[in-house]
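So the chains spell out like this:
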Amino acid sequence: MFRSIPEWVHRTRELYMENARMLFAISSAYMNGGRVDSHWTTELYPSKQYYASRVQFYRNTVRENIEIYKRIKNAAPRVVPTNILIKEWNRNKIKMIKSARNNFVLFPTSPVDLIEDSAFKAPDGANRPRVYIHLRARGHSSLGYLRLELFTDACPLTCGLFLELMMGDGLGHGYVGTRFFRKVPHLFWSGGDVIYDAGVGCYAQRGRSRPIGAENYHFPHSMPGLLSMRMTGDDEMCGIFNITFKALPQFDLRNVVFGRVIRPCPTFDVIQTLPANPHPAIEIASARFRLESGWVCGARNARIRPTHPTHVPRPRRQQ
């Protein structure tokens, strides 16, 4: 700027002052509301020094201001409006008045069922039967009761087979007196072999010319406490069932879910932590089922066949 060419010095000073005025105008417009006007009233000197960068800065500023305006215009208020608070308070007052008229209960009379998957909730109008089974260490003390809910609305044949064996089929076969032959802690238990009590027998329901196949695979093994009937390689039910302690998707399309354990249940919490081979064996000591005429108790199994330790019989259907 201090060269000896007067004309060059003059034009440089004019360009410098023009840039300074533009900067002040942009800053003032930003402080007064964010709108920027870069319209030129006079033609600039042909030299475009600093001009291109200023134009680009202006365009970016306009774009940012438009985006900020849209966000402010479309953003919902963070503070709840007063009319909504008034409506909620009116609803709460009505609820408090209704609750105050009820009898005071310090503790709830019945715990809420634990159902992690809503697919297992009983549909409207469905009357699902419940079975109570008593578990104990064979020849020793009791472990407690399990309450079972059967999905008769979705698996009537499977539930019918389970109920028949739980109460006794009249020929000496039944779940009462049998043991859980496979126990995997925190995963599942298997039981229900009414022929050999070792997981190798296959029971055929009386009066059936054909075995019961997989009724449906409607329910997945998606939560703890499910009852599922095991399927053989020939797609046949033999009465052997599982009690799951966690979600087991590897059982899907191999076992038919037909019921659940009603939780919370202290007995269920105890058995899932027992070791794989507890001694003595855990067996079903008794079972009962409520009918309209009263309670029906299960008959003890009288047809269990002993197996030789060196010979395991092949699964076959028992008439």
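Residues numbered from 1 in each chain as written. Predicted model: local features only at pLDDT ≥ 70, side-chain atom pairs only at ≥ 80, totals over all residues. Heavy atoms only, no water.

Peer 1: Would you mind going over the nonpolar core with me for this structure?
Peer 2: Here is a general trend for soluble globular proteins: nonpolar side chains tend to be buried in one another's company. In terms of nonpolar packing, the biggest core is built from 50 residues, with Ile-133, Leu-146, Phe-162, Tyr-175, Phe-241, Ile-243 and Phe-258 touching the most fellow members. Every element with two or more residues in this core is listed here: strand 1 (130–137), strand 2 (142–150), helix 4 (156–167), strand 6 (226–231), strand 7 (237–244), strand 8 (255–261), helix 5 (266–271) and strand 9 (282–291). Residues contacting Leu-146, with those up to four places away along its chain left out, are Val-131, Tyr-132, Ile-133, Leu-135, Ile-243, Val-261, Cys-265, Thr-267, Phe-268 and Ile-271. (Core = buried A, V, L, I, M, F, W, Y, C linked by side-chain atoms within 4.5 Å. Buried < 20%, exposed > 50% of the residue type's maximum accessible area, 1.4 Å probe, protein only. Helix = DSSP H or I, 4+ residues; strand = E, 2+ residues; numbered from the N terminus. Contact = heavy atoms within 4.5 Å.)

Peer 1: How do you make sense of the pairing of strand 8 when you look at a structure like this?
Peer 2: Strand 8 sits mainly inside the fold: seven of its seven residues count as buried. Here three bridges tie strand 2 to strand 8, and the two strands are oriented antiparallel to one another. Paired with Glu-149 across the two strands is Arg-260, which belongs to strand 8. Alignment of strand 6 against strand 8, held across five bridges, turns out to be antiparallel. Note that in strand 8 the partner of Leu-226 across the bridge is Arg-260. (Pairing = 2+ DSSP bridges.)

Peer 1: Please explain the sheet that holds strand 6 as it appears in this structure.
Peer 2: Backbone hydrogen bonds are what pair the strands of a sheet, in a parallel or an antiparallel way. Judged by pairing direction, the sheet is antiparallel, and its nine strands sit side by side in the order 3-4-7-6-8-2-1-9-10 without closing on themselves. Looking at which strands have only one partner, the edges of the open sheet turn out to be strand 3 (182–184) and strand 10 (294–297). Taking the axes of each pair of neighbouring strands and ignoring which way they run, one obtains an average angle of 30° across the sheet. Bridge analysis of strand 3 against strand 4 (residues 188–191) gives three bridges, and the strand direction is antiparallel. Bridging from a neighbouring strand, Arg-182 pairs with Ser-190 of strand 4. (Axes fitted to C-alpha atoms, helices over the stretch in contact; angles between N-to-C directions.)

Peer 1: Can you walk me through the state of the cysteines in this structure?
Peer 2: Each disulfide consists of one covalent bond between the sulfur atoms belonging to two cysteines. Per the stated rule, a full pass over the model turns up one disulfide. Between the sulfur atoms of Cys-202 and its disulfide mate Cys-238 the distance is 1.8 Å. Across the disulfide from Cys-202 to Cys-238, rotation about the S-S bond amounts to roughly -65°, and the bridge is consequently left-handed. Of this pair, Cys-202 sits in strand 5 (residues 202–203) while Cys-238 sits in strand 7; the two residues are 36 residues apart in sequence, bridging distant segments of the chain. (Disulfide = S-S within 2.5 Å.)

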